[in-house]
Amino acid sequence: MSTAELTAQGAELPPDLVQTFIDMAHHEHHARGASIEALRLVQERFGWISDAHLAHTARILGMSQADLDGIATYFNLLFRKPVGKKVIMLCDSVSCYIMGQEQTRERLCKKLGVKVGETTPDGEFTLLPIVCLGHCDHAPAMLIGKDLYGPVRPEDIDAIIDEAREKTQ
Ligand code: FES
C-alpha cells in the first residue's frame, strides 16, 4: 500500500510519520519489530497514544490493533490515555515502600491536589505509579519526565515540584 493510501485510510497520522513507519518496517525482518519505536514516536508527537493513532499505526505495520495494544499497554512509559505536560512516576515497589514511599506519596498528592492516576486541573502534571525504577539505593525514587529523583522525602516535595513546574521538558 502506498503512503498516500495509508494516510488517506486513517487520516489520523500525519504523512511524515506514516512514511517514517513504512521505512522503519522495511528495515525490520518483521514489521512488528518497529512497533515500540513507532509507538514512542506517536507519543512524542501527540503526548499519548490514542485509539485512532494506534489503529493507524497497526495498519501500517500490518499488525492487529489488539497485538499493538498489547505492546503499548505492556510498557509503563507508553500512555494510552491523555496525560499532563509532565508525568510524575512514583515508584511503589518494595524498597521504596519500605523507605517511606507512602509518606512521600501523601505529600505529593497534597501538593498537586490529585490522587495517583490523576492529572492536575491545569494539565501540568499527571501522577502515576511505576514498578522499580532501578534507583532502589536512593529510595523512595521518583521520575519526572526524564529526571530521576531520590531519595525523595516528604519535605523535598515542594521544592522538586516548584522546580519542575518552571522547567520546559
Ligand atoms: S524499589 Fe523503588 S526504585 Fe527500586
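Bear in mind that the values here come from a model prediction, so they are computed numbers and not experimental data.

Asks: Mind laying out the overall build of the chain, listing which residues take part and the relevant values?
Replies: What the chain contains, in helices and strands, is 8 helices and 4 strands. Overall size of the chain, expressed as C-alpha extent along the three principal axes, is 55 × 30 × 25 Å. Going through the 169 residues of the chain one by one, you find that 41% of them count as buried. Here the contacts in the chain between residues at least 6 apart in sequence split such that 58% fall between residues at least 24 apart. Taking the average place of the 17 positive charges on the side chains of the chain and the average place of its 24 negative ones, the gap between the two points comes to 4 Å.

Asks: Now, about unusual backbone geometry: what can you tell me, with residues and values included?
Replies: At the junction of Ala139 and Pro140, the peptide bond is cis and its omega measures out at -5° in the coordinates. Note the cis peptide between Gly150 and Pro151, where omega equals -5°.

Asks: Can you lay out the sheet that holds strand β1 (residues 86-91) for me, pointing to particular residues and giving the numbers?
Replies: Pairing between the strands of a sheet comes from backbone hydrogen bonds, and it takes one of two forms, parallel or antiparallel. Strand order in the open sheet made by the 4 strands is β2-β1-β3-β4, with mixed pairing throughout. Each edge of the sheet is formed by a strand with only one pairing partner; in this case those strands are β2 (125-130) and β4 (147-149). In this sheet, neighbouring strand axes are inclined to one another by 20° on average, regardless of whether the strands run parallel or antiparallel. Here 6 bridges tie β1 to β2, and the two strands are oriented parallel to one another. Each bridged residue has a counterpart across the sheet, and for Met89 the counterpart in β2 is Leu128. Docked against the sheet, helix α7 (residues 101-112) engages β1, β2 and β3 (142-144), running at close to 155° with respect to β1. Against the sheet, helix α8 (residues 157-166) engages β1, β2, β3 and β4, with an angle of about 20° to β3.

Asks: Account for the nonpolar core, naming residues and giving values.
Replies: Membership of the largest hydrophobic core comes to 22 residues, with the highest contact counts inside it found for Leu13, Phe21 and Leu39. When contributions to this core are tallied by element, the ones reaching two or more residues are α2 (15-26), α3 (35-46), α4 (51-61) and α5 (65-74). Among the elements that line this core, the one with the most residues is α2, at 6 residues.

Asks: Tell me about the domain arrangement of the chain, and please be specific about residues and values.
Replies: The assigned domain composition of the chain is domain 1 (3-74) and domain 2 (86-166). For domain 1 and domain 2, the distance between their C-alpha centres works out to 31 Å.

Asks: Which residues make up the confidence of the model for the chain, and what are the values?
Replies: Residues with a pLDDT of 70 or more make up 92% of the chain, whose mean pLDDT is 91. The low-confidence segment residues 2-11, where pLDDT is below 50, has 19 contacts with residues more than four positions distant or belonging to other chains.

Cut-off values and rules
Residues numbered from 1 in each chain as written. Predicted model: local features only at pLDDT ≥ 70, side-chain atom pairs only at ≥ 80, totals over all residues. Heavy atoms only, no water. Helix = DSSP H or I, 4+ residues; strand = E, 2+ residues; numbered from the N terminus. Buried < 20%, exposed > 50% of the residue type's maximum accessible area, 1.4 Å probe, protein only. Contact = heavy atoms within 4.5 Å. Lys, Arg positive; Asp, Glu negative; His and termini not counted. Charge placed at Lys NZ, Arg CZ, Asp CG, Glu CD. Pairing = 2+ DSSP bridges. Axes fitted to C-alpha atoms, helices over the stretch in contact; angles between N-to-C directions. Core = buried A, V, L, I, M, F, W, Y, C linked by side-chain atoms within 4.5 Å. Domains from an automatic or database assignment. pLDDT = per-residue confidence, 0-100.

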